[in-house]
Amino acid sequence: MKRILFLTAFLLIQQAIIAQRNGVFLFKGNADFKLSFNTCIYDKVYDDDGEKKTIANTKSTITSLEFRGGLTNKINALIVIPYIINKVNGTPANQSSESISTQYSSTGDLDLGVEYLFINNDPLKLILGLHQSIGTGNNIQQIGLNTGYKDYHEQLKIKLAFEPSTKWNFISCVGFTNHNKGYGDEISGKIELNIIALKNLWFNFRVEGIQPLENGDKISKPFANGKLISDGLFYGLYAQNRGYFMFSPELHYEFTKKWGTYTSIKKCFIGQEYQSGITYEFGVHYQLEPN
């Protein structure tokens, strides 16, 4: 990967991220439930130098259930439960390679989080978050169809939200992930802008990225059908030293004050040990407020 370009892009994106329509922070008694589906079909993967390499046709689908609730006016709790289905069908980089047809699915790594509203001085909010990953996913090295890191990693996030109006909002966010079991640590960031177009229709513009610190162990590449995957590549699924820079516009519509839906497209422009393809996502959410 071209390190300077990737790092420059990342430093730009880590200056901000946006509040979702249902609020950056939930106060006591409020809760939000979200069910989302996303899928990505691809036949190329960014290698550790950021170059695209051909692999067998791969499809990765994630179904995720997320709950966020206000325990107090200063503390939010969060849990995310993903289920991942990965499928490979086709021939790797060259026609002489053996055709692969396999799949692997399991629960991904659970995410448990706590957020603290450190500063609440409208229109500004400063939020500190601590997330703990639960290693319920799998990193099946034999076929490379990982569904998680399974390393019980920790992540610290800092968000600076700016909500001057009910018609638009903006946040800045940066995170640090402390990986375990030999995986390298990483820095993450997002930029997100949420703007109302009509009464119940919102546009969300998001840029996000991960910069790997590459301070983990050197690990062997996975195999498929007893043979090394072409160029020793992972399928771009929870790989060591993964990184990316992507843009993901989103359309959000609220049916009622409590029910809403959204759809988004995610396109990766720069990557490392990551899949090269467009991810399509759809979701619904329900917000519960105290009487």
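Above this note sits the structure.
For the structure given in this document, a descriptive report is provided here.

Conventions we followed
- Residues numbered from 1 in each chain as written.
- Predicted model: local features only at pLDDT ≥ 70, side-chain atom pairs only at ≥ 80, totals over all residues.
- Heavy atoms only, no water.
- Helix = DSSP H or I, 4+ residues; strand = E, 2+ residues; numbered from the N terminus.
- Buried < 20%, exposed > 50% of the residue type's maximum accessible area, 1.4 Å probe, protein only.
- Contact = heavy atoms within 4.5 Å.
- Areas by Shrake-Rupley, 256 points an atom, 1.4 Å probe, with all protein chains shown as cover.
- Pairing = 2+ DSSP bridges.

We now examine the overall build of the chain. Across its full length, the chain carries one helix and 17 strands. For the chain, buried positions account for 47% of its 291 residues. Across the chain, the fraction of contacts at a sequence separation of at least 24, relative to all contacts at a separation of at least 6, is 64%. Carbon together with sulfur atoms contributes 60% to the accessible area of the chain, which is approximately 14000 Å² in total.

Before going further, it helps to examine the pairing of strand E9 (residues 186–196). Summarising the sheet, strand E8 (residues 168–178) and E9 pair through 10 bridges and their orientation is antiparallel. The partner of Val174 across the bridge, within E9, is Gly189. As paired elements, E9 and strand E10 (residues 201–212) share 11 bridges and run antiparallel to each other. Its bridge partner lying in E10, Lys190 is registered against Glu208. Hairpin geometry of E9 and E10 is characterised by an intervening segment of four residues between the two adjacent antiparallel strands.

Here we take up the pairing of strand E6 (residues 124–134). For strand E5 (residues 110–121) and E6, the ladder comprises 11 bridges, and the chain directions are antiparallel. Along E6, the bridge assignment pairs Leu110 with Ile134. Connecting E5 to the next strand, E6, in antiparallel fashion are two residues. Of the strand pairs in this sheet, E6 and strand E7 (residues 154–162) are connected by nine bridges, and their pairing is antiparallel. Paired with His131 across the bridge in E7 is Gln155.

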